[in-house]
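Structural overview
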Amino acid sequence: LVSDDPAGPCPSVNDNVTITFDRRPATADGGSNFSVCGSTATLAAVAATNGGTGTWTGPVGVTFTPSANSPTATANNLAVGANNLTWTVTSALGVCGSTNEVIVVTRNAVPVNNNQTQQRCVDIPGGSTTVVALTELQALNDAITGIAGSTNRTVTFFEDAARTDLYDATETLSNGAIVYTRVTRTDVAPACTTDGTVTFTINARPGVTAQNPEFCE
C-alpha cells in the first residue's frame, strides 16, 4: 500500500498488507445417534470439506483409533449409558469459525449368564449316558439369567460351542457333557447377548449282585 496524497515535498510512504483467503468447510455432520452392546463403536461422520480438519472428542477415557481426525474412527472405552461424542470441523487455515455436532452413542449393558452345573444318574445300571430333555434345561432359565421369570430375557440352548446347532427336544448326554447357552436382552436394540454353559456330571448307579445263600439245619 503506497500513499503520496496529497503531493508535496514529503516522500511517499508504504506498508505491506497480507490478505489471507480461507475456505469455509461444510457444517460439521457427526452422523446419527445409535446404540451398541460393547465398549467400542464405529463412527460415521462426514469428512471435512475444502481442506478442513475434523476432530472427534468425547468423555474422559474415550479414545479414537486409528485417529481422532478420522470421520469413521472407532471410539473405545465407552461407558455403559449415554456417551456424548463431538465432531468438530475447522477450516484449513483456521480463519473461519469452527462448527461441531454432538452425537450420542448409547452403550447397553450385556445380560448376565450364570454358568450352571448339573448332576444326573445314568439311565441304565452299568450304562454311561442319560437322556436330558430341553424342558429340563429351560427349567434353569431363572438361575441362568438371575431374574425371576427371566423378564426381558430369552435363553437359547445349543449343542455346539459355535452356537449354530440348537438343542433338540431330547439329547443323550455322557459324563462331562456341555450344553451351550446364550442369553439375549429383548428390551434394547441391538439385542445384546452373553454366552454361557451348562455342564453335566453323569453318575453311575449302585450295582446289585444277586445272592444265593445256603443254610444247614
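About the thresholds
Residues numbered from 1 in each chain as written. Predicted model: local features only at pLDDT ≥ 70, side-chain atom pairs only at ≥ 80, totals over all residues. Heavy atoms only, no water. Helix = DSSP H or I, 4+ residues; strand = E, 2+ residues; numbered from the N terminus. Rg over C-alpha atoms; globule rule 2.2 N^0.38 Å. Buried < 20%, exposed > 50% of the residue type's maximum accessible area, 1.4 Å probe, protein only. Contact = heavy atoms within 4.5 Å. Areas by Shrake-Rupley, 256 points an atom, 1.4 Å probe, with all protein chains shown as cover. Lys, Arg positive; Asp, Glu negative; His and termini not counted. Charge placed at Lys NZ, Arg CZ, Asp CG, Glu CD. Polar contact = N/O pair within 3.5 Å; in protein donor to acceptor, adjacent residues only side chain to side chain. Phe/Tyr/Trp six-rings, centres within 6.5 Å; stacked < 30°, edge-to-face > 60°. Disulfide = S-S within 2.5 Å. Pairing = 2+ DSSP bridges.

A few words on the overall build of the protein. The secondary structure content of the protein amounts to two helices and 15 strands. Relative to the compact-globule value of 17 Å for 217 residues, the protein shows a C-alpha radius of gyration of 35 Å, a clear excess of over 25%. Seen through its C-alpha atoms, the protein measures out along the principal axes to roughly 160 × 25 × 25 Å. Counting across all 217 residues of the protein, residues that qualify as buried make up 31%. Sequence-distant contacts, at least 24 apart, represent 61% of the contacts inside the protein between residues at least 6 apart. Put simply, the protein shows about 13,200 Å² of open surface, and 52% of that area lies on carbon and sulfur atoms. Counting 9 positive and 18 negative side-chain charges, the protein places the averaged centre of each group 3 Å from the other.

Moving on to the environment of Arg-185. The residue Arg-185 is located in strand E14 (residues 178-185) in this model. The exposure class assigned to Arg-185 is buried, which follows from its relative accessible area of 13%. Separated by 96 residues in sequence, Arg-185 and Val-89 have C-alpha atoms that sit 37 Å apart. Residue contacts for Arg-185: discarding those within four places in its chain leaves Asn-108, Ala-109, Val-110, Pro-111, Asn-152, Arg-153, Ala-191 and Cys-192. Reaching out from Arg-185, the side chain makes a polar contact with the side chain of Asp-187 at a distance of 2.9 Å.

What follows concerns the packing of aromatic side chains. Evaluation of the coordinates by the stated rule reveals two aromatic pairs. Ring plane angle 45° and centroid distance 5.1 Å describe the contact between Trp-56 and Trp-87, whose orientation is recorded as tilted. Of this pair, Trp-56 sits in strand E5 (residues 53-57) while Trp-87 sits in strand E8 (residues 81-90), and the two are 31 residues apart along the sequence. Each member of the pair Trp-56 and Trp-87 is classed as buried. Through a chain of ring-to-ring contacts, three or more aromatic side chains come together here, namely Trp-56, Phe-64 and Trp-87.

As a further point, take the environment of Ile-124. Along the chain, Ile-124 turns up in the loop between strand E10 (116-121) and strand E11 (129-133). With a relative accessible area of 59%, Ile-124 lands in the exposed category. Taking the C-alpha atoms as reference, Ile-124 lies 8.7 Å from Ala-204; in sequence the two are 80 residues apart.

With that settled, consider unusual backbone geometry. With omega at 0°, the peptide bond leading from Thr-65 into Pro-66 counts as cis. The topology assignment puts Pro-66 in the loop between strand E6 (63-65) and strand E7 (74-76). Going from Ala-189 to Pro-190, the amide bond is cis rather than trans, its omega being 0°. With respect to the helices and strands, Pro-190 occurs in the loop between E14 and strand E15 (193-203). Backbone geometry places Ser-150, a non-glycine residue, at a positive phi of 50°. Position of Ser-150 relative to the elements: it lies in the loop between helix H2 (141-145) and strand E12 (153-158).

Bringing the state of the cysteines into the picture now. As enumerated under the stated definition, the model contains one disulfide in all. Bridging Cys-37 to Cys-192, the disulfide has an S-S length of 2.1 Å. With the S-S bond torsion at -90°, the cross-link from Cys-37 to Cys-192 turns out left-handed. Taken together, the residues span a long stretch of sequence, with Cys-37 in the loop between strand E3 (34-36) and strand E4 (41-42) and Cys-192 in the loop between E14 and E15 at a distance of 155 residues. Cys-192 shares its class with Cys-37; the two are buried.

Before going further, it helps to spend a moment on the sheet that holds E7. Pairing within the open sheet is antiparallel, and its three strands lie in the order E4-E7-E6. Looking along the sheet, the strands with just one partner apiece sit at the ends: E4 and E6. Inspection of the sheet shows E4 paired to E7 by two bridges, in the antiparallel sense. When the sheet's bridge partners are listed, Ala-41 is paired in E7 with Ala-75.

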